[in-house]
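Listed below, chain by chain, are the residues.
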Amino acid sequence: MKSLIISDKVKEAKYENRPVVALESTVITHGMPYPENIKTAKELEEIITTLGAVPATIAILGGKIKVGISKEEIELLAQEEKVEKVSRRDLPQVVAQGKYGSTTVAATMIIAHRAGIEFFVTGGIGGVHRGGENNFDISADLTELGRTPITVISAGAKAILDLELTLEKLETEGVPIIGYRTSEFPAFYSSSSGIKLKTRVDTPQDIAKIVRARNELKLNNGILVVNPIPEEFEIPYSQIEPEIKKAVAEAREQEISGFSLTPFLLDRIKEISAGESLKVNIELLKNNARLGARLALSYQNMAVL
Ligand code: PSU
Ligand code: MN
């Protein structure tokens with residue numbers, strides 16, 4: 001594919017059978033403010049490198065899809081104003097028109113799969129928005145998880161969404177949800193949501209076995225690993241819920257919907273919670289990067305045995 005550029009570092013790693021972990025870029029451009037976004041994006045890569053895997057942050061620069069952008073390119077993306085949030089439906093236009101784009105969970109999954117990467121670390125996935133039963137605002141992340149065989153490591157989904165409906169949709173899409181050291185679906189800022197999961201595992205090796213079984217069965221769906229924010233960093237559900245309600249009400253009043261809704265809610269909650277949510281966001285990303293690297297290593301070791 002002419003528009004896909006895989007960095008030398010990632011190519012080498014693949015050639016030498018070293019594990020690669022993909023990272024998304026919408027979290028850099030739309031998920032966190034400058035300069036924390038740059039700092040965090042670099043830290044995530046360092047964590048993955050230190051643990052012995054190779055990070056590959058994915059973004060679109062001037063119409064070229066890049067797997068494994070450089071530190072300079074991370075900086076460019078983080079400071080550039082005109083970077084579009086790119087999901088599955090936007091990919092062909094951004095490529096054809098030579099634009100800059102940051103990739104959502106859905107778009108990152110597609111690209112990682114094309115590049116032959118199995119594991120992908122993010123913060124939270126998109127889901128069914130509150131009121132989704134009427135407005136059909138269902139993130140393309142969920143349908144992507146149903147059709148692209150990538151293992152996504154997340155801290156669940158934000159309670160800005162309807163988590164029950166989100167899990168229903170994932171069930172319909174046939175997506176296994178694996179609780180890592182938890183029996184509940186984590187709600188991003190909070191380690192629990194009260195919603196029980198069917199599958200809990202306690203080691204990266206046990207997750208790797210599920211990934212291998214999915215591949216042996218040639219199931220084309222993704223797997224969602226949910227890794228709760230460590231309790232010492234969490235914002236209790238009772239504290240964050242009124243803040244979320246306020247942000248959701250504001251979005252309705254201002255008639256914000258569609259593609260802009262998630263970035264709007266993320267931004268408002270950051271302001272309402274006076275920066276506390278940003279700290280949590282950074283901590284859970286790091287926590288997910290650690291698990292993603294360990295998981296990729298376990299999977300690689302299993303393949304060698
Ligand atoms: N949820 C978060 N942080 C994020 C996103 C979601 O807690 O940064 C981003 C991700 O890139 C995700 C996208 O894939 O928003 C989902 O957007 P939408 O709801 O418009 O599909
Ligand atoms: Mn949407």
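Each chain has its residues counted from 1, running along the sequence as written. Lettering for chains starts from A, numbering for ligands starts from 1, and both go in the order in which the items are written. Per-residue local features of the predicted model are confined to residues with pLDDT of at least 70, and side-chain atom pairs are confined, for both listing and counting, to 80 or more; whole-chain, interface and lining totals are unaffected and use all residues. Side-chain measures here rest on the full set of heavy atoms in the structure, leaving out hydrogens and waters.

We call a set of buried Ala, Val, Leu, Ile, Met, Phe, Trp, Tyr and Cys residues a nonpolar core when their side-chain atoms join them within 4.5 Å. Think of it in three bands: residues with accessible area under 20% of the maximum for their type are buried, residues over 50% are exposed, and the middle band is partly exposed, with areas taken using a 1.4 Å probe on protein chains only. In this structure, Val 67, Ile 125, Leu 170, Phe 185, Ile 207 and Leu 224 are the most contacted members of the largest nonpolar core, which totals 100 residues. Under the scheme used here, helices are H or I runs from DSSP no shorter than 4 residues and strands are E runs no shorter than 2 residues, and both carry numbers assigned from the N terminus. When residues in this core are grouped by element, the largest group, 12 residues, is from helix H13 (residues 276-304). Here, residues are in contact when the closest pair of their heavy atoms is within 4.5 Å. Excluding residues within four positions of it along the chain, Leu 224 makes contact with Ile 125, Val 152, Ser 154, Leu 170, Val 175, Pro 176, Ile 177, Ile 178 and Phe 185.

As a further point, take the side chain of Ser 191. If you trace the backbone, Ser 191 turns up in the loop between strand S9 (177-180) and strand S10 (199-201). Aside from chain neighbours lying at most four places away, what touches Ser 191 is Pro 186, Pro 228, Ile 229, Glu 231 and Glu 234.

Below, the discussion takes up the site of ligand 1. As a matter of local geometry, ligand 1 sits amid 14 residues, with Lys 85, Ser 139, Asp 141, Lys 158 and Thr 262 nearest to it. In the analysis that follows, any N or O atom pair within 3.5 Å is treated as a polar contact, provided that within protein one partner can donate a hydrogen and the other can accept it, and provided that, for residues neighboring in sequence, both atoms belong to side chains. One of the side-chain nitrogen or oxygen atoms of Asp 141 is found 2.7 Å away from an oxygen atom of ligand 1. In the model, an oxygen atom of ligand 1 is placed 2.6 Å from a nitrogen or oxygen of the Thr 262 side chain. Each residue gets one label: Ala, Val, Leu, Ile, Met, Phe, Trp, Tyr, Cys and Pro are nonpolar, Asp, Glu, Lys and Arg are charged, and the others, such as Gly, are polar. Broken down by class, the residue content of the shell around ligand 1 amounts to 4 nonpolar, 6 polar and 4 charged. Whether a residue is near a molecule or strand depends on its heavy atoms: it is near if one of them lies within 4 Å of it.

Structurally, the α-helix is built with 3.6 residues per turn, so residues lying three or four positions apart point the same way. A helix is expected to span 1.5 Å multiplied by its residue count minus one. With 15 residues, helix H3 (residues 36-50) should reach 21 Å at 1.5 Å per residue; the first-to-last C-alpha distance of 21 Å fits that figure. Within H3, the full set of buried residues consists of Asn 37, Ile 38, Thr 40, Ala 41, Lys 42, Leu 44, Glu 45, Ile 47 and Ile 48. Of the residues one or two after H3, Gly 52 is the one with positive phi, at around 100°.

Across a regular strand the side chains alternate sides, sitting on one face of the sheet and then on the other. What you see with strand S2 (residues 20-23) is no split at all: Val 20 and Ala 22 on one side and Val 21 and Leu 23 on the other are buried throughout. As defined by bridge partners, S2 adjoins strand S3 (residues 54-61) across 4 bridges and the pair is classed as parallel. From the neighbouring strand, Val 20 faces S3, where its bridge partner is Val 54. Only strands joined by at least two bridges in the DSSP assignment are considered to pair. For S2 and strand S7 (residues 119-121), the ladder comprises 3 bridges, and the chain directions are parallel. Along S7, the bridge assignment pairs Leu 23 with Val 121.

Pairing of aromatic rings covers Phe, Tyr and the six-membered ring of Trp, with a centre-to-centre limit of 6.5 Å; geometry is then stacked below 30 degrees between planes, edge-to-face above 60, and tilted otherwise. Across all of its chains, the model carries 2 aromatic pairs by this definition. When the ring of Phe 119 is compared with that of Tyr 299, the centres are 5.4 Å apart and the planes differ by 75°; the resulting orientation is edge-to-face. In this pair, Phe 119 is assigned in strand S7 and Tyr 299 in helix H13, connecting sequence segments 180 residues apart. For the pair Phe 119 and Tyr 299, one class covers both residues: buried. Taking 5.0 Å as the distance between ring centres and 85° as the angle between the ring planes, the aromatic pair formed by Phe 188 and Tyr 189 counts as edge-to-face. Residue classification places Phe 188 among the buried residues on the basis of a relative accessible area of 2%. Judged by relative accessible area, which is 2%, Tyr 189 ranks as buried.

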